[in-house]
Amino acid sequence: MELLQQESRLIQLRAKLNERRIKLWETPYLTPEQQIDEAEMLILAEQLGPQLGIPTNLCLQGLTALQRNALEKLQSKDEFQRMGIATVKIRAPTQTGSNREFDLKVKTTELGSHLCELIGQRLSLDTRKIKLVCSGKIVSSMSSLQEQKVTNGSTIMVLVMAHSEEEAKRECSTYDRVHKIRIDAETLINENDSSNFLSIEDQSGNAIFLPKEEKKSLLMGLTLYEKGKAAMIVGNFEEALLLLIEADHDFRSCNSQLLDVVDNYALLNLDIVWCYVCLKNLNQLPDAEQRLKVCELKLQQSYGKNMQRVTAIRGEQSNEKISLVRLHLLKAILYFYQNKRDDARTMFRVVETELLKLRIDDDCLSRLMECGYSTKECRIALRACTNDVEASIEFILNRRQTRETNAIRSERERKLYKTIDHDASSGDFQRIKLELVDQLMEMGYPEELAGLALKKSLNDINGALNELETNSEGLLFELLRTVSANEELQKKLEALGFHPEIALVALKLTANDYDRASNYLLSNVQNGIYSETLQRAVAEFKSKQMTSECNSAEEHIAPSNNPAENPSTSKRTVKSSSATDNAKKQNNSRKKEMLDILFKSFSQDIRTTDEDSHLDLQLDQEAKLLAQYKQLLDME
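Keep in mind the model is a prediction, meaning the values are calculated, not measured. (Residues numbered from 1 in each chain as written. Predicted model: local features only at pLDDT ≥ 70, side-chain atom pairs only at ≥ 80, totals over all residues. Heavy atoms only, no water.)

*Asks:* I would appreciate a short explanation of the overall build of the protein in the present structure.
*Replies:* What the protein contains, in helices and strands, is 26 helices and seven strands. Looking at the protein alone, contacts between residues at least 24 apart form 64% of all its contacts between residues at least 6 apart. For the protein, the accessible area works out to roughly 34700 Å², and carbon and sulfur atoms hold 48% of it. (Helix = DSSP H or I, 4+ residues; strand = E, 2+ residues; numbered from the N terminus. Contact = heavy atoms within 4.5 Å. Areas by Shrake-Rupley, 256 points an atom, 1.4 Å probe, with all protein chains shown as cover.)

*Asks:* Looking at this model, I keep getting lost on the packing of helix α17 (residues 434-442) against helix α18 (residues 447-457). Mind explaining?
*Replies:* Each packed pair of helices is defined by two parameters, the angle between the axes and the distance between the axes. Here α17 crosses α18 at 125°, and the two axes come no closer than 9 Å. Taken together, α17 and α18 sit at an angle that is classed as oblique. For the pair α17 and α18, the crossing hand works out as right-handed. Contact residues: Leu436, Val437, Leu440 and Met441 in α17; Glu447, Ala450, Gly451 and Leu454 in α18. Each residue belonging to the contact of α17 with α18 can be placed in one class, and the counts come to six nonpolar, one polar and one charged. (Axes fitted to C-alpha atoms, helices over the stretch in contact; angles between N-to-C directions. Parallel < 35°, antiparallel > 145°, perpendicular 65-115°, else oblique. Left-handed = near helix turned anticlockwise from the far one by under 90°. Nonpolar A, V, L, I, M, F, W, Y, C, P; charged D, E, K, R; others polar.)

*Asks:* Whenever I open this one, the nonpolar core confuses me. Can you help?
*Replies:* Generally speaking, a soluble globular protein has its nonpolar side chains buried in company with each other. Counting residues in hydrophobic clusters, the biggest one holds 64 residues, and the most contacted among them are Leu241, Leu268, Ile333, Phe336, Phe348 and Tyr629. Where this core is concerned, the elements lending two or more residues are β5 (155-159), α7 (212-233), α8 (237-252), α9 (264-278), α10 (285-303), α12 (321-337), α13 (341-357) and α26 (620-632). Take this core: its biggest share by element is 12 residues, from α12. With near-sequence residues (within four places) excluded, leucine 268 lies in contact with Tyr225, Leu244, Ala247, Asp248 and Phe251. By size, the runner-up hydrophobic cluster in this structure holds 22 residues, among which are Leu416, Tyr417, Leu454 and Leu475. (Core = buried A, V, L, I, M, F, W, Y, C linked by side-chain atoms within 4.5 Å. Buried < 20%, exposed > 50% of the residue type's maximum accessible area, 1.4 Å probe, protein only.)

*Asks:* I keep staring at helix α4 (residues 112-123) and nothing clicks. Help me out?
*Replies:* Counting along an α-helix, one turn takes 3.6 residues, and residues three or four places apart therefore face a common direction. Look at α4: 17 Å from first C-alpha to last across 12 residues, which is about the 16 Å you get at 1.5 Å a residue. When we look at burial in α4, the residues that qualify are Gly112, Leu115, Cys116, Ile119, Gly120 and Leu123. Angularly, the buried residues of α4 cover 140° about the axis, an arc narrow enough to put them on a single face. Following α4 by one or two positions, serine 124 has its phi on the positive side, about 60°. (Expected span 1.5 Å × (residues − 1). Arc of directions from axis to C-beta.)

*Asks:* Help me understand the packing of aromatic side chains in this model?
*Replies:* We describe a pair of aromatic rings using the distance from one ring centre to the other and the angle between the two ring planes. Counted under the stated rule, the structure contains five aromatic pairs. Ring centres 5.6 Å apart and planes at 50° place the aromatic pair phenylalanine 251 and tyrosine 265 in the tilted group. On the criterion of sequence distance, the pair formed by phenylalanine 251 in helix α8 and tyrosine 265 in helix α9 is long-range, its members being 14 residues apart. Comparing phenylalanine 251 with tyrosine 265, the two get one shared label, buried. (Phe/Tyr/Trp six-rings, centres within 6.5 Å; stacked < 30°, edge-to-face > 60°.)

*Asks:* Would you explain the packing of helix α14 (residues 362-369) against helix α15 (residues 375-384) in this entry?
*Replies:* At their nearest, the axes of α14 and α15 sit 10 Å apart, and the two run at 130° to each other. When the interaxial angle is binned, α14 and α15 end up oblique. In this structure, α14 crosses over α15, and the sense of that crossing is right-handed. On α15, the residues touching Cys364, Leu365, Leu368 and Met369 of α14 are Thr375, Cys378, Arg379, Ala381 and Leu382.

*Asks:* Help me understand the pairing of β5 in this model?
*Replies:* Regular strands place side chains that alternate from one sheet face to the opposite one. Within β5, five of the five residues are buried, which leaves the element mostly enclosed by the surrounding structure. Because side chains alternate across β5, one face comprises the buried residues Thr155, Met157 and Leu159, and the other comprises Ile156 and Val158, equally buried.

*Asks:* Which parts of the structure should I look at to understand α9?
*Replies:* Between the first and last C-alpha of α9 there are 21 Å, a value that for 15 residues agrees with the 21 Å anticipated at 1.5 Å per step. Looking one or two places after α9, you find lysine 280, whose phi comes out positive at around 55°.

*Asks:* What am I meant to see in the pattern of salt bridges here?
*Replies:* Any two side chains of opposite charge can pair, on the condition that their charged atoms come close. In total, this model carries 27 salt bridges according to the counting rule given. In the salt-bridge network here, residues are joined through shared partners; they are Asp248, Arg252, Asp287 and Arg291. (Salt bridge = Lys/Arg side-chain N within 4 Å of Asp/Glu carboxyl O.)

These figures come from the coordinates and say nothing about function on their own.
So, in C-alpha cells, the structure goes:
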C-alpha cells in the first residue's frame with residue numbers, strides 16, 4: 001500500500017510540473033555548477049504541497065526523486081548519443097512481492113545473452129535461470145538488443161524463481177519448466193497430428209476445423225495458455241507470464257479470422273496485464289495499454305456490442321460480464337497511473353457496481369450445492385440467474401444438455417470425416433452441413449454415402465441427390481479405400497460362414513455397420529455364388545489393395561539389374577519387411593506408452609482449469625484492488 005501511495009504522489013507531482021512547465025533539471029532548481037539548489041526545491045515543495053494535499057516533507061522527497069530521475073535520463077541520453085551505450089532499467093520481482101530495481105549500461109549492438117550475463121552477475125544468478133521481458137516480448141539471447149528494439153530508457157522485466165535454498169531444491173527454475181512445457185506440447189501435438197490431443201470448439205461447443213499448420217499454431221497457443229492459467233491459479237505469476245507471452249507468440253502466427261470471433265485471444269491479453277499488476281510491474285504500462293485495447297476490441301468482436309452475440313448464442317443469462325469486470329478494473333488502474341484521475345474514478349465506480357451485481361449469496365450457494373451440483377456450476381449459475389435458485393437449477397440442466405448435444409454432434413462430425421476421408425486440414429476444405437446429411441438420411445441413404453455425395457457437390461443437396469442416383473456404386477467403392485474394417489465385426493461375419501475377404505469388403509462398404517453388412521451379404525451371396533455387384537466390389541477392393549502394395553513395395557524394394565536375382569531378392573525382402581514391421585510395431589507401442597505417460601504428466605495441472613475458468617473468478621482479488629485504489633483516490 002505504501003508503494004502505491006508513493007507512486008500516486010509521484011504521478012500527481014509529475015502532472016503538476018508538466019502543467020506549469022517546470023523543468024527541475026534547469027535553473028533555478030539546478031545551479032550553473034550542476035548542483036541541486038535545495039532552497040529553491042523547498043520553496044517549490046511548499047507551493048505544490050498544499051495544492052495537491054501532500055505534506056511538505058513528502059512533497060520535497062518526491063520532487064527530489066523526480067529531479068534525480070530527470071538528471072539520470074539526461075546523462076544516459078548523452079552517453080547513448082556519444083558512445084552508443086544504452087541505460088536500461090532492470091526490474092526483478094520476487095515471489096515475496098518485493099521488487100529489486102537498478103540501472104544497467106549496455107551497448108545495443110550486444111546480443112540478448114550478454115544482457116542476461118550482466119544481470120546474472122548483478123543478481124548472483126545462473127543466466128540459464130533468467131528470462132527477460134521487454135514491452136511484452138521475451139528478449140531473445142540470439143539476437144542483438146537493437147534488433148529487438150531494446151534501446152536507451154527501456155524497462156526490462158527479469159523473471160526468476162524464489163531464491164531460498166529450500167525452494168530451489170524442491171522446484172525447477174521457471175526457464176527450465178517453461179522450456180520443457182513447450183517441448184512436451186510440441187511432441188504431443190505433432191504425434192497426435194493436431195487432432196486427438198486438444199479439440200477446438202466455438203462458443204456453441206461445435207468442432208472447428210482449420211488448415212493443419214494453422215491448427216497446430218492455435219493448439220500450441222491454447223495449450224500454453226492453459227498451462228499459464230494453471231500457474232496463475234497457484235499464484236506463480238512469473239511462470240504464468242512467461243507461458244502467456246509464449247502463447248501470445250503462437251496466437252500471433254495464426255492468420256485465421258477465427259481470433260476475431262472467439263474470446264481466447266482477448267482473455268490471453270487480459271491475463272498478461274493481470275500478471276503485470278500482480279507482479280507490481282508498473283513499468284510495462286505502454287504494453288499493458290496496448291493489450292487492453294486489443295482485449296476490448298476482441299471481446300467486442302467475440303461477444304458483440306452490448307453482449308449481443310452472447311445473448312443470441314446463450315440467452316440473456318451469461319457470465320461473460322466476469323471478464324468485463326477485470327477489464328474495467330485494469331483500465332481504471334491504467335488511468336490512475338496515467339494521472340487521469342477523473343476517468344479512473346468513473347471506471348472504479350463502474351467496477352464497484354459490476355461487483356455488486358455479480359455477488360453470490362452464500363445461502364443460495366449452499367442450497368444449490370445441496371442439490372448435488374459442483375461449486376463451480378453453482379457459482380456460474382447463480383451469477384447468471386441473479387441468485388435465483390430455481391432458475392439456476394434450470395440453467396445448469398440446460399447447459400449440461402447443450403454441451404452433451406454439441407459433444408455428440410462434434411464426435412459424429414469427426415467420425416464422418418474420417419470415414420469418407422474428408423481432410424479438414426486441406427486448403428480447399430469445406431465443412432459438410434450435417435443438417436443436409438440428415439435430410440438425405442431421411443430419404444433412405446446411409447450417412448457415409450450422404451456425406452460423400454455432399455462432399456462432391458460442395459453441400460448442394462440437389463447435386464448430392466443426382467450423385468447418389470447416378471453414381472451410387474462409385475460412391476460405395478470409395479469407401480473401400482477410406483474405411484478400416486472392424487476386426488471383431490469381421491470375425492462375427494466369418495463365424496456366419498462368410499469368406500474373410502467378403503466379410504472385409506462388406507464392412508468397408510457399410511462403414512462397419514454390422515446389421516447392414518450382414519444384410520448386404522445375405523442379399524448378394526446365394527449358395528456360395530456372389531452377385532455381380534459383390535464381384536465388382538471384390539475386384540475393386542483387390543485393385544486398390546494391389547495399387548497400395550505396389551506403392552509400398554516401391555518404397556522398400558530396390559530394383560535389381562539381374563533378372564535371375566529377382567525371386568530370391570523378393571523372398572529376402574518379404575522376410576526383411578516382416579522383421580521391419582515387427583520392429584515398427586514394437587517401436588510404435590513404446591512410443592505410445594511414452595506419450596501416454598507424457599500426456600498424464602503434462603495434463604495434470606491443466607485439469608485444474610477448464611473452459612469455464614474465466615467465468616468462475618472468485619473476484620476477491622478484484623475487490624481488494626478496488627478498495628486500495630479507492631482509498632488512494634479518496635473515494636471512500
